[in-house]
Amino acid sequence: MRRSAALIAALLAPAGVAMAQDLGMRSPGGVAPLTASLDGAGGAQGWRLTPSLSAGLTWSDNVRLAADGERVSDWSGRVEPGITLNGRTARATGLLRASVDANAYANESDLNRTNLKLFGVGTFDLYERRVMLDANASVSQERISSLGAPVNGVAYNPNNTTELRQFSVSPYIRGQWSNRITGELRYRLTLSDSSTTLLSNGVRQDLSVTLGNGANPAPFGWLLSGSASKNQYEGSNDTEFSNARLFGVYALDPTFNLRADVGYERNTFGVEYSQEQNIYGGGFEWTPSPRTRVTGMTEQRFFGTGYNYEANWRGPQSALSLSFARDVTTTSSTLNGGQLAGLLLAYTDSFGKQTADPNERFRLASQAWIERGLPLPSQIDGNTTYVTNSYYLEKRARLSSGINGVRNSIGVSATYSDRTRLVDEALLAPGDELATFDSVEEIGGTIVLSHRLTPISNLSALLGASRSTGQNGAAGSVDTRRQTATVTGSTVFGANTVGSVTYRHEKSRGATEYDENSVAATLGLRF
């Protein structure tokens, strides 16, 4: 049965952090490549193609998410055929999920729409596991403005929706010397475009190199890292980022490491707008047990103080995750569902000792993920980030926890983010939210309860609330406050058939005002 995003976040975080430590370093300015966890030793060969079909009928009392006095109710039907391809050979590992979501309304025919959903991730061994290639592709529906109506669900505001298409390919070379020193040279090309003219199409190129023994200090270790990024947009400003760092690591004992770094960065946000800055900072990593990990790093950057702190704990049936960060990022960095798919594929490998059949191994892994509240491929889609062409300074915090019992589960999640524009709004494409506001703040939380009625039936409830605020200098602020309540009952009709009925209530006040109630019945088949 489908579990909540809150449970997913709580239970996924510890595994994701552990798998991301190939080079033993993580700084506020860098992200460890999770796809590296996919390319373990060979294993049984095989690919599995699974067709699927989902159909549903929904009634909504406000299909246009309009204010009082303009509400229109309607019925709609939905059909979503799709395929999932997953598998592993001695030289490749991959997952591809694609579907076409077609919605038709009984009366409001101008709202009829057909959306392509696509998610793919793969890793390929080009030469003896030393020359590798990662590839990712996605097509998803995203919000243009965080203050506008959401894009998911049968009721929606088409003026706040864009189809975002992304594709990236990343060849890399890696090596190991003297059993302790590792190195990697990686290039990544990312192409992105959207269905709206309000946002520019983009080409992003990243080049990075790492070398050192920071993952295995004895007791001293070091890591040299460098990266350069260039974003090119149609009708908008190009941006360039580059930095180099030297990390030192000292292991006080097997569970506690101290870290320090020095470096230099140069960043260009426009024709005549650039920043140069020395980098220096320090941090630690504490792993008192396989189930507990606390790590943190603080650096002096061109924007001031940057930091990244994380604490993760997981028990047999529960988990807790807490993180704080302040760093420069872009939407292309945050719209990355490939991490989830990568973790699922890596997790599948852990069942290699139980069976040599890759399809059976994937089934066992999927079943285990369901029991722990983790997402299946059908749930790995999309995100909550609005679309922007700009680099921005972001402060973010997240708290998530989950408890999975034999029949009852609860998940709690709270998030906060504050995105501040780094470039002049005149350099951004019209329509970009950060061209309208100097900064955008979002805060929200969800509580999810799940009860297993029978071995094949579930009942779940979700309560959520959020607030988005756009600050526009002396002009003041604009905000939107939302509340969501959902109750879902689901059951299994057969080995490959699942059905559900969902009631949802949504309320929005502020820049976007509406109330909506809907009831949806869905039937899903897997062939």
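Since this is a predicted model, take the numbers as computed values, not measurements. (Residues numbered from 1 in each chain as written. Predicted model: local features only at pLDDT ≥ 70, side-chain atom pairs only at ≥ 80, totals over all residues. Heavy atoms only, no water.)

Novice: Even after reading the chapter, I still don't get the overall build of the chain, so can you show me in this structure?
Specialist: Broken down by element type, the chain carries 5 helices and 22 strands. In the chain, the proportion of contacts linking residues at least 24 apart, taken out of those at least 6 apart, comes to 58%. When the accessible area of the chain is evaluated, it comes to approximately 23900 Å², of which 58% is carbon and sulfur surface. (Helix = DSSP H or I, 4+ residues; strand = E, 2+ residues; numbered from the N terminus. Contact = heavy atoms within 4.5 Å. Areas by Shrake-Rupley, 256 points an atom, 1.4 Å probe, with all protein chains shown as cover.)

Novice: I would appreciate a short explanation of the pattern of salt bridges in the present structure.
Specialist: Under the criterion given, the structure shown has 29 salt bridges. Residues joined by salt bridges that share partners form a network here, namely Arg78, Glu80, Asp101 and Lys117. (Salt bridge = Lys/Arg side-chain N within 4 Å of Asp/Glu carboxyl O.)

Novice: Just checking my understanding: could you explain the packing of aromatic side chains for this structure?
Specialist: Two aromatic rings are characterised by how far apart their centres lie and by the angle between their planes. Per the counting criterion, the structure on display carries 5 aromatic pairs. A ring pair is formed by Phe241 and Phe302, whose centres lie 6.2 Å apart and whose planes are at 80°; its orientation type is edge-to-face. Taken together, the residues span a long stretch of sequence, with Phe241 in strand 10 (residues 239-253) and Phe302 in the loop between strand 13 (292-301) and strand 14 (304-314) at a distance of 61 residues. Using a relative accessible area of 13% as the deciding quantity, one classes Phe241 as buried. Pairing Phe302 with Phe303 gives two aromatic rings, centres 5.3 Å apart and planes at 85°, and the pair type is edge-to-face. In this structure, Phe302 and Phe303 share a single accessibility class: buried. Three or more aromatic residues joined by ring pairs make a cluster, and in this case those are Phe241, Phe302 and Phe303. (Phe/Tyr/Trp six-rings, centres within 6.5 Å; stacked < 30°, edge-to-face > 60°. Buried < 20%, exposed > 50% of the residue type's maximum accessible area, 1.4 Å probe, protein only.)

Novice: Can you walk me through the side chain of Ser229 in this structure?
Specialist: You can see Ser229 is positioned in strand 9 (residues 220-233). According to the relative accessible area criterion, Ser229 is buried, its value standing at 14%. Reaching out from Ser229, the side chain makes a polar contact with the side chain of Asp206 at a distance of 2.4 Å. When residues no more than four places from it in sequence are discounted, the contact partners of Ser229 are Arg204, Gln205, Asp206, Thr239, Glu240, Phe241 and Tyr391. (Polar contact = N/O pair within 3.5 Å; in protein donor to acceptor, adjacent residues only side chain to side chain.)

Novice: When you look at the environment of Leu462 in this model, what are you seeing that I'm missing?
Specialist: Mapped onto the elements of the fold, Leu462 is located in strand 19 (residues 457-471). Leaving out residues up to four positions away in the same chain, Leu462 has contacts with Ile447, Val448, Thr484, Ala485 and Thr486.

Novice: Before we go on, may I ask you to explain the nonpolar core in this structure?
Specialist: A general feature of soluble globular proteins is that nonpolar side chains tend to end up buried together. One finds Phe241, Phe269, Phe302, Phe303, Val328, Tyr391, Leu393 and Leu422 forming the largest nonpolar core, which totals 8 residues. Apart from residues lying up to four places away in sequence, Tyr391 is in contact with Arg204, Ser229, Asn231, Thr239, Phe241, Phe269, Val328, Thr329, Thr330 and Leu422. Core analysis: the second largest hydrophobic core is formed by 5 residues, Leu147, Tyr392, Leu434 and Phe437 among them. (Core = buried A, V, L, I, M, F, W, Y, C linked by side-chain atoms within 4.5 Å.)

Novice: I tried to follow the pairing of strand 15 (residues 318-329) on my own but got confused; where do I start?
Specialist: A regular strand carries its side chains on alternate faces of the sheet. Judged by how many residues are buried, strand 15 sits mostly within the fold: 9 of 12 residues are covered. Relative to strand 15, strand 14 is paired through 8 bridges, and the arrangement is antiparallel. When the bridges of strand 15 are listed, Glu310 appears paired with Ser323. In terms of strand pairing, strand 15 meets strand 16 (residues 392-404) through 12 bridges, oriented antiparallel. Bridging from a neighbouring strand, Ser321 pairs with Ser400 of strand 16. (Pairing = 2+ DSSP bridges.)

Novice: In this structure, what is going on with a nonpolar patch on the surface? I would like to understand it.
Specialist: Taken together, the side chains of Trp177, Leu211, Trp222, Leu224, Leu246, Val262 and Tyr280 define a hydrophobic patch exposed on the protein surface, amounting to about 670 Å² of accessible area. Among the secondary structure elements, Leu224 is positioned in strand 9. Taking the relative accessible area as the measure of exposure, Leu224 reaches 44% and is therefore partly exposed. (Patch = residues over 30% accessible without salt bridge, like charges linked within 9 Å, V, L, I, M, F, W, Y side chains within 5 Å.)

Novice: So what exactly am I meant to see when it comes to the pairing of strand 19 here?
Specialist: Both strand 18 (residues 439-454) and strand 19 contribute to a ladder of 15 bridges, which runs antiparallel. Residue pairing across strands places Val440 opposite Gly470, the latter belonging to strand 19. Counted between consecutive antiparallel strands, the loop separating strand 18 from strand 19 contains 2 residues. Of the strand pairs in this sheet, strand 19 and strand 20 (residues 477-494) are connected by 15 bridges, and their pairing is antiparallel. In the strand pairing of strand 20, Ser468 is matched with Thr480.

Novice: Would you take a moment to explain the side chain of Thr190 for this structure?
Specialist: On the secondary structure map, Thr190 appears in strand 7 (residues 181-194). Beyond its immediate stretch of four places on either side in the chain, Thr190 contacts Phe167, Ser168, Gly202, Val203 and Arg204.

Novice: Which parts of the structure should I look at to understand the environment of Leu459?
Specialist: Mapped onto the secondary structure, Leu459 falls in strand 19. Remark: the alpha-carbon pair of Leu459 and Ser500, spanning 41 residues in sequence, is separated by 9.6 Å. Setting aside chain neighbours within four positions, we find Leu459 in contact with Leu449, Ser450, His451, Leu453, Val487, Thr488 and Gly489.

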